[in-house]
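# A structural walkthrough
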Amino acid sequence: MSHSAPQSGAQPSSLPYHCEQENRTAVPTNWSKGFKCNHHPSLVNVDGLVDYAKRVASHGEIDPLVHLKESRVFLFRGRRDQVYADGAVNNTDRFYRAFVGGNGKIKNAIATPRSNALGEIKNDIDLIDSAHCIPTITSSYPAAQYPPTPCGVSGLPYLELCGWDGAGAALQWLLGPLRNRTDSVRSSLIQFNQSMFNSPEMDLAQAGYVYVPLQCQQQVCRLHVNFHGCSMGADNIGLDYLMNAGFNQWAESNQIVVLYPQMRGTTCWDNYGDTGTDYCFQRGRQMAAVRRMVDALLGTE
């Protein structure tokens, strides 16, 4: 949303823009993060979120929303996800449909206990019993302390062996037809120093990572930015998520550079306004830092 001009989006189990901040009113005194947006999605005022996005775009805080019209959005929620209640990611779908311009640009792979998925990726998507995770098809990193878990078994690294390639499904929807995935190259996952993009109150890890396929080391390639989930950063679990999620394998065979910005320790990327009320604007600390990383890769900084 903040930088919609140059990108399409993939959101495995995520919330509508600014959802938590906009919906902090009229909640119990024991309010906790995600009370409405994650756990009580029927209470969320999606129309209000749409209006908020239009308002902040008109003030120049985010890119003009017209850019979203031609964007592609991929959404996923597993059938056993206990972090996002049934209906939470449907709110995200509804939010984007206000801008993206029709069914053809949004892939909604939301498996629910009661109904078939909307906009199915494959006929048996509703049979995927994944919990809160990115589903994957293989464990290809022998050094992993936290290898992918069996499908439906929640826990680090929040990758589950469900026989369904979540990374591939997302990338193929966002980027169009791709060549089949191939083995990734360990030396192509490059560590870089994030300190130049960090500030004391932002909690970026010292090191970030970027996967640069062999062919991309000598030619121009597309760029995909991947945000890890809570506790899934390399500071906490090493390279287990980066090597096993599946994005590198698709990147290697399709000349896609993958940027993996990293948070410190078990820190989450900010969905809740923890870094300030401008967290979802272009000037928000995390937004601005990752944008500078992208500009550095593109040579436009």
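Heads up: these notes are all about the structure in this document. All values reported here derive from a predicted model rather than from experimental measurement.

The secondary structure content of the chain amounts to 8 helices and 10 strands. Long-range contacts, defined here as pairs at least 24 residues apart, represent 71% of the contacts in the chain between residues at least 6 apart.

Before going further, it helps to spend a moment on a nonpolar patch on the surface. Judged by side-chain polarity, Leu223, Leu297 and Leu298 come together as a nonpolar surface patch covering roughly 250 Å² of accessible area. As for its position among the elements, Leu223 is in strand β9 (residues 222–225). The class for Leu223 is partly exposed, based on a relative accessible area of 31%.

To continue, consider the side chain of His228. Mapping His228 onto the fold places it in the loop between β9 and α5 (234–237). Among the polar contacts listed, one links the side chain of His228 to the backbone nitrogen of Met263, at a separation of 3.0 Å. Apart from the residues lying within four places of it in its own chain, the contact partners of His228 are Gly233, Tyr241, Pro261, Gln262, Met263, Thr267 and Trp269.

We now examine the packing of aromatic side chains. The geometry of an aromatic ring pair comes down to the distance between the two centres and the angle between the two planes. All told, the structure shown has 6 aromatic pairs when counted by the stated rule. For the pair Phe227 and Trp269, a centre-to-centre distance of 5.0 Å together with 85° between the ring planes defines the contact as edge-to-face. Here the residue Phe227 occupies a position in the loop between β9 and α5, and Trp269 occupies one in the loop between β10 (256–260) and α8 (285–298), the gap between them amounting to 42 residues. The exposure class of Phe227 is partly exposed, given its relative accessible area of 45%. In this structure Trp269 comes out as buried when scored by relative accessible area, which is 11%.

A few words on the pattern of salt bridges. Side chains that carry opposite charge are capable of pairing whenever their charged atoms lie near each other. Applying the stated criterion to the full structure yields 9 salt bridges. Ionic pairing is found between Arg283 and Asp278, a salt bridge with its closest N-O pair at 3.3 Å. The exposure class of Arg283 is partly exposed, given its relative accessible area of 48%. Using a relative accessible area of 18% as the deciding quantity, one classes Asp278 as buried. Salt bridges sharing partners connect three or more residues here, namely Glu61, Asp278 and Arg283.

Turning to the side chain of Asn226, a few remarks are in order. Turning to its location among the elements, Asn226 is positioned in the loop between β9 and α5. What makes Asn226 buried here is its relative accessible area of 6%. A polar atom in the side chain of Asn226 sits 2.9 Å from the side chain of Tyr241. Asn226 has contacts with Tyr241, Phe247, Val258, Leu259, Tyr260 and Pro261, leaving out every residue within four places of it along the chain.

The rules we used
Residues numbered from 1 in each chain as written. Predicted model: local features only at pLDDT ≥ 70, side-chain atom pairs only at ≥ 80, totals over all residues. Heavy atoms only, no water. Helix = DSSP H or I, 4+ residues; strand = E, 2+ residues; numbered from the N terminus. Contact = heavy atoms within 4.5 Å. Patch = residues over 30% accessible without salt bridge, like charges linked within 9 Å, V, L, I, M, F, W, Y side chains within 5 Å. Areas by Shrake-Rupley, 256 points an atom, 1.4 Å probe, with all protein chains shown as cover. Salt bridge = Lys/Arg side-chain N within 4 Å of Asp/Glu carboxyl O. Buried < 20%, exposed > 50% of the residue type's maximum accessible area, 1.4 Å probe, protein only. Polar contact = N/O pair within 3.5 Å; in protein donor to acceptor, adjacent residues only side chain to side chain. Phe/Tyr/Trp six-rings, centres within 6.5 Å; stacked < 30°, edge-to-face > 60°.

So far we have only geometry, and geometry alone does not tell us how the molecule works.
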